[in-house]
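In case you want the letters, here they are:
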Amino acid sequence: VLRAVMHLLPLPVAQPFLDMIGSKASGVYSSVPGPTSKLQWGGYCVASLRFLVPQRAGFATGLSAVSYAGDLYIGVSADEAALANVEGVISAWHDALQELERSVNGLGSGL
């Protein structure tokens, strides 16, 4: 949507806005699912997968999610110096994931 709106504006008007947004946010999304079955590495079963997104200078947080063998793994990286309440962020993530799990489990019961 933002890209479409920016194409409607003259470049001298849009460019400063795009420069500001581009220096404040970035995102990468892929809908490619992870492996559906457990992998082997060096003769050992890989129990889980996690990765952290690359951080650009000035960014305080990063979020990643990957599916692996029927499970979803979420990674959060954060700069403690940039977050005033790290424990609060952790607690909020925990609560949100529990709520998501309850809602998904509720779908199977016909709710």
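Cut-offs and rules
- Residues numbered from 1 in each chain as written.
- Predicted model: local features only at pLDDT ≥ 70, side-chain atom pairs only at ≥ 80, totals over all residues.
- Heavy atoms only, no water.
- pLDDT = per-residue confidence, 0-100.
- Helix = DSSP H or I, 4+ residues; strand = E, 2+ residues; numbered from the N terminus.
- Pairing = 2+ DSSP bridges.
- Patch = residues over 30% accessible without salt bridge, like charges linked within 9 Å, V, L, I, M, F, W, Y side chains within 5 Å.
- Areas by Shrake-Rupley, 256 points an atom, 1.4 Å probe, with all protein chains shown as cover.
- Salt bridge = Lys/Arg side-chain N within 4 Å of Asp/Glu carboxyl O.
- Buried < 20%, exposed > 50% of the residue type's maximum accessible area, 1.4 Å probe, protein only.

A. Representation of the confidence of the model for the protein within the structure. Per-residue confidence for the protein averages 78 on the pLDDT scale, and 77% of its residues sit at or above 70. Confidence, expressed as mean pLDDT per element, reaches its minimum in the protein at helix α1 (residues 2–8) with 69 and its maximum at strand β2 (residues 44–45) with 96.

B. Broad picture of the pairing of strand β4 (residues 71–78). Note: strand β3 (residues 61–68) against β4, 8 bridges, orientation antiparallel. In the strand pairing of β4, L63 is matched with V76. Linking two consecutive strands that pair antiparallel, namely β3 and β4, is a turn of 2 residues; a positive phi of about 50 degrees is found at A69 within it.

C. Structural view of a nonpolar patch on the surface. A cluster of nonpolar side chains, L63, V76, V89, W93, L97, L100 and V104, forms an exposed patch at the surface whose accessible area comes to about 560 Å². A per-element tally of the nonpolar patch places helix α3 (residues 86–108) first, with 5 residues. Among the structural elements, W93 can be located in helix α3. Accessibility expressed as a relative area gives 32% for W93, which makes it partly exposed.

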